[in-house]
Structure formats: C-alpha cells, structure tokens
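Residue-level listing of the chains:
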Amino acid sequence: MNKIDQALTEFREMDELADQDSPVHHFPALVKLPLTVIYILTVLSFHKYDLSGLFVMILFPLFFFQLGGISVRRCLYRLRYVLPLVMAVGILNPLFDRSVLLRIGNVNISGGWISMLTLMMKGVFSLMASYLLVASSGIGRICAALRRLHVPAVLVTLLLLTYRYVTVMSEEAAVMTDAYHLRAPKQKGIEYSAWGSFLGQLLLRSMDRADEIWQAMQLRGYHGHFHYVGETPASLKDWLTGILLAGLFVFCRCWNVTALLGSLFV
Amino acid sequence: MIEMKHVSFGYDTGKTVLDDVSFTIGEGECVGLIGANGAGKSTIMKLLAGILFGEGEVLIGSTPVKKDTLYEVRRKLGYVLQNSDHQMFMPTVYEDMIFAPRNYGISKEETEKRIDAVLEKLDLTELKHSRNHKISGGEKRMAAIAVILAMEPEVILMDEPTASLDPYNRRIVINAVNSLPQTRLITSHDLDMILDTCSRVILLDKGKIIAEGRAEDILSDRQLLEAHRMELPLSYTGR
C-alpha cells in the first residue's frame, strides 16, 4: 500500500468511526456542533499564562473519547501532520518573553515557556475536539446540522463536496503513483522533473472524474440541494445536556478548577 | 418509448460522431446497441440522457429531450454508467439509493419502501448500509443498478453493464437485467450478454446505423460483424 492509499484508508476510517454505536455518536450533531465551537472558543479565550486553568479543559475531550470508544492515540496519530504546525506557533515565545513567572527549584521558568505551552495546548485541545466531532458524527450529519443552523446551502454543499473531492483526487493520485513506481522501481519518490506533468495529469484526471460524478448527480435529479441522512433530531434533553456542558466550559474558564482542587489538599 | 429522429452530432473540432441516426424502441423492449470503439454508442446514450445535444429530435416517451425538459426527462430515465465508482458517489449504498428519490420529492416513507423492495428483488438487502468503497466490483455494479431502480424509471440506459465482471457476477447482472420490466437500451462489447438479454440489436459503425433487427439474426451474421470490426459471440462460434 503506498502512502496515498494509506492516507485514503485513514480518511475513510473517519467516516467509519462515525458509524459506531455509543452515547457520543447518538448525541445529535445539531447540539454537538455548537458545543464544539463553544469548547474551542473557551479554550482559545484562556490567558496566555493561565496554564493551570487551561489544563482542566483536557478532561472534556478525554471523557468523550472514552465514552465514544474513540482512541486518543489514533486521534493523535492521525493529527500527526497538523500537530507540529500547531505546536510551532508559539515556538519563538521563549526568545521574546523572558520575564520569570515561576521557579521550580533553581530553575527559572519564563513567561515565554508558559505561553508557548499554553498555545500548544490550546491547539491540541481544539484539534482533539474537532476530531471528536467528525469521528462521532461524520461529515453528512455535520453538514445536516450546519443547514439546520441556517448556514447557507452553498457553503455547506461546498464543504461536503470538497470533503468528497479529497477522496476522488487521492484515489487518482494513488493509481498514478502506483503506475509510476511500477515503471521506476528503484526510485524512492517521484522525481522532481516529473512533478509538473504528474500534477497536471492528476488535475486533469480528477477533473474528468469529477465531471462524470457531476453528470451522475444531475442524472439523478440533483439541482443544488442535498438531502442529508442520518441526522437524529435534537430533543429537549439533548439541548439541556448541551447547555449544561457549555455551562461547565464557562465555569472552568471563569474559575481555575485546578487551583481550586489543589487548594483542597494544600 | 425511446425515439431518435435524424439525429446528428459532431464536436467543435468538426469531427462527426453521429450521422443521421434514427430508431425507435417500444415500451418494455430490451435493445442492444453494439459497435466497435468510437462507433458512437456512448454519444447516443448521452444524447438520450440530455448530457449532450445534437441536431434532430430525441424523445423519451412523448417528451422531447431539450435543456428545458431535462428535469422531466431524467425523472423517467435511469442511466447505469459504465464505471460504478462514478455512479456511486455517496459514502454508502443506502445514501446513494435515496439520492434520486429525495431529489424528486418522493416522501421518506415511500423512498424507504422502494429501497427495501429493490434490494430484496436484487437480493442485495445485506448491502443496504455498506460503505461503497468496501464492496466488491460485482456488488458495486449490482448496487449501481439498484440505485437506478430506486428511481422507478420508465427507461433504463445501461453502458457496458458487465464490463470487468467475473462470470458469476456477470450472470447475476444478466439475470437482473432480464427481470426488469422497463424499456432498456444496453451498449456492450459483450455480445453474449446482448444475446442473453436483448430481443433486438442496433449495429452502429462510424456514427451510422448499419443494421437493425432481431438479436439472433444480427449476432449470428459473421460477415456483417467482421466487416464492422466485431466478432461473433462465443455462443455462435462453438468454442
């Protein structure tokens, strides 16, 4: 299996994860979606030095990963390409912010290090929450929820088709890569000189395929409006659960729960 | 049910693909459209489905195929594409099956009834919630037919329905095609399949109709077939 095939398999596994049977999966995407947005906004709103306050926010995704039977390890593995970028965001902070915030033994910890860690954690927590949303709902249900939240149909359809188009392009790329390697057995990757024609061909082939899929859609009555399936309507109980969780997020944001817990023992 | 009257089609490059093609297919009839590569078979299918537009008149039922009648035409017509991967663009068989009925405003309950009936008829009930990328080529082809049948079309166009199928799955597709009451037009290079499914055959070469008649008569005419870059079906060669 080449790397593109592997990536494609992982991509499709995301959809399969959404088919699982758990309370998290049954929880309507219509509530999960705004809840995830609130969680991310809450996480992002923490002060750059509020590391201990932020730390408690990891409990929410971890709890729901457990409840949904979704592996945290798989999540971090799948996010391996994005995580370094997220982590790199604050990498220069220790150089610019040298004010000492705390001491551990003889070691001075500067504000730069704390803010770097805070930024990294914010990124990781946000990605984990987004992953949890997609892995427990699937793109179809998320799009259905977006429509019910009155996000314009054009944007939602664009999101859905872009998501689908990734697989179309990846499949073509996988076939082309296999064909290339079969005729270039000693090469590790694709030679630089072939990149231009390779990408050009990939684009043309993907366009042809997308065109055929578009025709297939039109032949079956598509006129710009998608009918999404699988979305369970949100009950009052679901909304109340959502509000309670959102309230917990805000509580954790306003009160440093880690410090409160610590004060019980110190 | 299907009618083409003096239809011609050419691309902007000036190449003529179809030249004054006329034929009629009656209600419930199953007709095979055969010819070598580049004969114009797929172009005829695309003209019937309103993907391309040429000169002359194309009718599905009593509805002329024009840009402003496409909705009506496509409601009557189901087109099984040669490549099932292109046809099955939704993640699961079920989602693909509800796509057309829901687009045509069929109620949820009626759609469910149709889907269950079609899957049962084609013995595909187990595939209902399968992911499209996880099913085999043969299953995908059958699912593609099921997807079209869920539309309850009056006319079914099939482009190479048995291409790249193993003998077992090919036989399943042939049996499925034979069990359909709809008007069917099938293009294929698998002449044995055409012989098994179609009562009438239209032979096409270089955009013109060369012969039209009973499947047994045309498909047993070695001279005619070989003159137009084709071969006798294996059933007639005695091999």
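Let me sum up the structure you'll find in this document. Going along each chain's sequence as written, the residues are numbered from 1 onward. Written order decides the labels, with chains lettered from A and ligands numbered from 1. Given that this is a predicted model, residues contribute local features only at a pLDDT of at least 70 and side-chain atom pairs are listed and counted only at 80 or more, while totals for whole chains, interfaces and linings are drawn from all residues. Computation of side-chain values: all heavy atoms of the structure, hydrogens and water removed.

### Quick notes on the overall build of chain A
Each helix corresponds to a stretch of at least 4 residues labelled H or I by DSSP, and each strand to a stretch of at least 2 residues labelled E; elements are numbered beginning at the N terminus. Summing up its helical and strand segments, chain A has 13 helices and 2 strands in all. Along the three orthogonal principal directions, the C-alpha set of chain A runs to about 65 × 55 × 30 Å. Note on classification: 1.4 Å probe, protein chains only; a residue is buried when its accessible area is under 20% of the maximum for its type, exposed when over 50%, partly exposed between these limits. Across the 266 residues of chain A, 44% fall into the buried class. Should any heavy atoms of two residues lie within 4.5 Å, those residues are considered in contact. In chain A, the share of contacts with a sequence separation of at least 24, taken over all contacts with a separation of at least 6, comes to 77%. Only carbon and sulfur atoms are counted for the fraction: they give 69% of the accessible area of chain A, which is about 15000 Å². His residues and chain termini do not enter the charge count, which takes Lys and Arg as positive and Asp and Glu as negative. Note that the charge is assigned to NZ on lysines, CZ on arginines, CG on aspartates and CD on glutamates. Averaging the positions of the 23 positive and the 18 negative side-chain charges in chain A gives two centres separated by 8 Å. Here, Shrake-Rupley sampling with a 1.4 Å probe gives the accessible areas, and only protein chains in the shown set may cover a residue.

### As for the packing of aromatic side chains
Side-chain rings of Phe, Tyr and Trp (the six-membered ring for Trp) are treated as a pair once their centres are within 6.5 Å; stacked means planes under 30 degrees apart, edge-to-face means over 60, and tilted covers the remaining angles. Using the criterion set out here, one finds 15 aromatic pairs over all chains in the structure. Taking NZ or CZ as reference, A:Arg253 lies 5.0 Å from the ring centre of A:Phe46, over its face. Note on criteria: charge over ring means Lys NZ or Arg CZ within 6 Å of the ring centre, with the direction from the centre no more than 35 degrees off the ring normal.

### So, a nonpolar patch on the surface
Candidate patch residues must exceed 30% relative accessible area and have no salt bridge, after which like charges are joined if within 9 Å and Val, Leu, Ile, Met, Phe, Trp or Tyr side chains if within 5 Å. A pairing counts as a salt bridge when a side-chain nitrogen of Lys or Arg comes within 4 Å of a carboxyl oxygen of Asp or Glu. Together, A:Ile91, A:Leu92, A:Leu95 and A:Phe96 line one region of the surface with nonpolar side chains, adding up to about 460 Å² of accessible area. With respect to the helices and strands, the residue A:Leu92 is situated in the loop between α7 (83–88) and α8 (93–96).

### Brief notes about the pairing of strand β3 (residues 30–34) of chain B
All names here are of chain B. Among the 5 residues that make up β3, 5 are buried, leaving the element largely enclosed by the rest of the structure. Residue alternation in β3 divides its side chains into two sets, Cys-30, Gly-32 and Ile-34 and Val-31 and Leu-33, and both sets are buried. Only strands that DSSP links by at least two bridges are regarded as paired with each other. Relative to strand β8 (residues 183–187), β3 is paired through 4 bridges, and the arrangement is parallel. Paired with Leu-33 across the strands is Thr-187, a residue of β8. As paired strands, β3 and strand β9 (residues 200–205) are joined by 4 bridges and run parallel to one another. The residue of β9 that forms the bridge with Ile-34 is Leu-203.

### A word on the packing of helix α4 (residues 93–103) of chain B against helix α5 (residues 108–121) of chain B
Residue and element names in this part refer to chain B. At a minimum axis distance of 10 Å, the contact between α4 and α5 shows a crossing angle of 130 degrees. By the angle between their axes, α4 is oblique relative to α5. In terms of crossing hand, the pair formed by α4 and α5 is right-handed. Counted together, Tyr-94, Met-97, Ile-98, Pro-101 and Arg-102 of α4 and Lys-108, Thr-111, Glu-112, Arg-114, Ile-115, Val-118 and Leu-119 of α5 form the full contact between these two elements. Charged means Asp, Glu, Lys or Arg here, nonpolar means Ala, Val, Leu, Ile, Met, Phe, Trp, Tyr, Cys or Pro, and polar covers whatever is left, Gly included. Here the contact of α4 with α5 is composed, by residue class, of 7 nonpolar, 1 polar and 4 charged. What counts as an axis is a line fitted to C-alpha atoms, over the stretch in contact for a helix, and the angles between N-to-C directions run from 0 to 180 degrees. With respect to orientation, any angle under 35 degrees is reported as roughly parallel, any angle over 145 as roughly antiparallel, any angle of 65 to 115 as roughly perpendicular, and every other angle as oblique. Whether a crossing is left-handed or right-handed is set by the direction in which the near helix is turned from the far one by less than a right angle, anticlockwise for left-handed and clockwise for right-handed.

### Let's talk about unusual backbone geometry
Residue and element names in this part refer to chain B. Positive phi, normally seen in glycine, also occurs at Asp-123, with a value near 60 degrees. Mapping Asp-123 onto the fold places it in the loop between α5 and α6 (137–149). Although it is not a glycine, Lys-206 sits at a positive phi angle of roughly 45 degrees. Among the secondary structure elements, Lys-206 is positioned in the loop between β9 and β10 (208–214). With a relative accessible area of 66%, Lys-206 lands in the exposed category.

### A closer look at helix α11 (residues 192–219) of chain A
Multiplying 1.5 Å by the residue count of a helix minus one yields the expected span of that helix. Here α11(A) is 28 residues long and its end C-alpha atoms lie 41 Å apart, about the 40 Å a rise of 1.5 Å per residue gives. Restricting attention to buried positions, one finds in α11(A) the residues A:Ala194, A:Phe198, A:Leu202, A:Ser206, A:Arg209, A:Ile213, A:Gln215, A:Ala216, A:Met217 and A:Leu219. In the core, the buried residues of α11(A) are packed alongside α10 (153–183) of chain A together with α1 (41–49), α2 (70–76), β6 (77–80), α3 (84–87) and α4 of chain B. Of the residues trailing α11(A), A:Gly221 is marked for its positive phi of about 80 degrees.

### A few points about the nonpolar core
In terms of nonpolar packing, the biggest core is built from 94 residues, with A:Met57, B:Leu157 and B:Leu185 touching the most fellow members. Among the elements that take part in this core, helix α9 (residues 111–148) of chain A stands out by supplying 17 residues, more than any other. With sequence-adjacent residues up to four places away left out, B:Leu185 is seen in contact with B:Ile2, B:Phe23, B:Ile25, B:Val31, B:Leu33, B:Met45, B:Leu48, B:Ile156, B:Leu157 and B:Met158. Counting residues in hydrophobic clusters, the runner-up holds 53 residues, among them B:Ala100, B:Leu191, B:Cys198 and B:Leu219. For this analysis, a nonpolar core means a set of buried residues of the types Ala, Val, Leu, Ile, Met, Phe, Trp, Tyr and Cys, connected via side-chain atoms within 4.5 Å.

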